[in-house]
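Structural overview
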Amino acid sequence: MLQQILAELAETNTRLVAVSKTKPVEQILDMYHQGQRIFGENRVQELVEKQATLPKDIEWHAIGHLQTNKVKYICSFVSLIHSVDSLKLLREINKQAVRNERVIDCLLQIKIAAEDSKFGLSQADAKTLLGSEAFSQLQNVRIVGLMGMATFTDNIDQVRGEFQHLKTCFEELKTTFFSEQADFKEISMGMSGDYRIAQEEGSTMVRIGSLLFGAR
Ligand SMILES: *Cc1c(COP(=O)(O)O)cnc(C)c1O
């Protein structure tokens, strides 16, 4: 399954984040030995435990809603945080990044789904954040793109429309705030059920769990 998905993604240079949440380290190691290096987790404790035992050249991505008080546990090693949805969270990531003497790459999570339960900023919120004086002070975080989760539905047109919205949002923020920054280039969208649509709509990074590792 891994090789098949990688072959599909290669057509558009889309990267794979293998979402290993709830899965044992043996299964992650097996996928590591097949060449996969980027893994995503959504719970801090699980992420910390797995990072400690698994090979050090794994790129760990934090993909789920992140509580401010847990940021300190992951900032020594995390490669990318997908789910930044407030200035408060970003300030804490910056603070912990300073302590660890590094710059941490982050994505702003944009709310694109119709469902209430999904976290994220509106496009207007994202603009306010990026235009703020407080944001300009943060030297140890680097915003490299956006992340979004589509509504969990069989309605393909709706999912496609939500991904298109994220892409439009990306283009607008790029023009307004990042026109000089080539590293603002990531659109993290697409999961097991909708990654092909996301790929068609310009995803640069898909987050796939159950299709790779089996149902949770
Ligand atoms: C669990 C999870 C995924 C992967 O979901 P699958 O449907 O198993 O592919 C992707 N993104 C986030 C934020 C998740 O929490």
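As the structure is a prediction and not an experimental result, all values here were calculated from the model.

Centre-to-centre distance and the angle between the planes together describe a pair of aromatic rings. Counted according to the given criterion, the structure contains 3 aromatic pairs. Ring plane angle 5° and centroid distance 4.9 Å describe the contact between F170 and F184, whose orientation is recorded as stacked. Within this pair, whereas F170 is found in helix α7 (residues 156-177), its partner F184 is found in the loop between α7 and β7 (186-188), the two being separated by 14 residues in sequence. By the burial criterion, F170 is buried, and F184 matches it. Relative to F184, the ring of F178 has its centre 3.9 Å away and its plane inclined at 5°; by these criteria the two rings are stacked. Take F178 and F184: they sit in the same class, and that class is buried. In this structure an aromatic cluster arises from ring pairing among F170, F178 and F184.

Another aspect to go through is the pairing of strand β4 (residues 80-84). Within β4, 5 of the 5 residues are buried, which leaves it mostly tucked inside the rest of the structure. In this structure, β4 lies alongside strand β5 (residues 104-109), joined through 3 bridges in parallel fashion. Its bridge partner lying in β5, I81 is registered against C106. For the crossover that starts at β4, traverses helix α4 (residues 87-99) and ends in the parallel β5, the hand is right-handed.

Now for the packing of helix α5 (residues 123-131) against α7. Packing of α5 against α7 brings their axes to within 11 Å, and their N-to-C directions diverge by 25°. Between α5 and α7, the crossing angle belongs to the class labelled roughly parallel. Like other packed secondary-structure pairs, α5 and α7 cross with a definite hand, here right-handed. Every residue of α7 that contacts α5 at Q123, A126, K127, L130 and G131 is listed here: H165, C169, E172, L173 and F177. Across the contact of α5 with α7, the residue classes break down as 5 nonpolar, 3 polar and 2 charged.

What counts as what
- Residues numbered from 1 in each chain as written.
- Predicted model: local features only at pLDDT ≥ 70, side-chain atom pairs only at ≥ 80, totals over all residues.
- Heavy atoms only, no water.
- Phe/Tyr/Trp six-rings, centres within 6.5 Å; stacked < 30°, edge-to-face > 60°.
- Helix = DSSP H or I, 4+ residues; strand = E, 2+ residues; numbered from the N terminus.
- Buried < 20%, exposed > 50% of the residue type's maximum accessible area, 1.4 Å probe, protein only.
- Pairing = 2+ DSSP bridges.
- Right-handed = clockwise from strand over helix to strand, strands pointing away.
- Axes fitted to C-alpha atoms, helices over the stretch in contact; angles between N-to-C directions.
- Parallel < 35°, antiparallel > 145°, perpendicular 65-115°, else oblique.
- Left-handed = near helix turned anticlockwise from the far one by under 90°.
- Contact = heavy atoms within 4.5 Å.
- Nonpolar A, V, L, I, M, F, W, Y, C, P; charged D, E, K, R; others polar.

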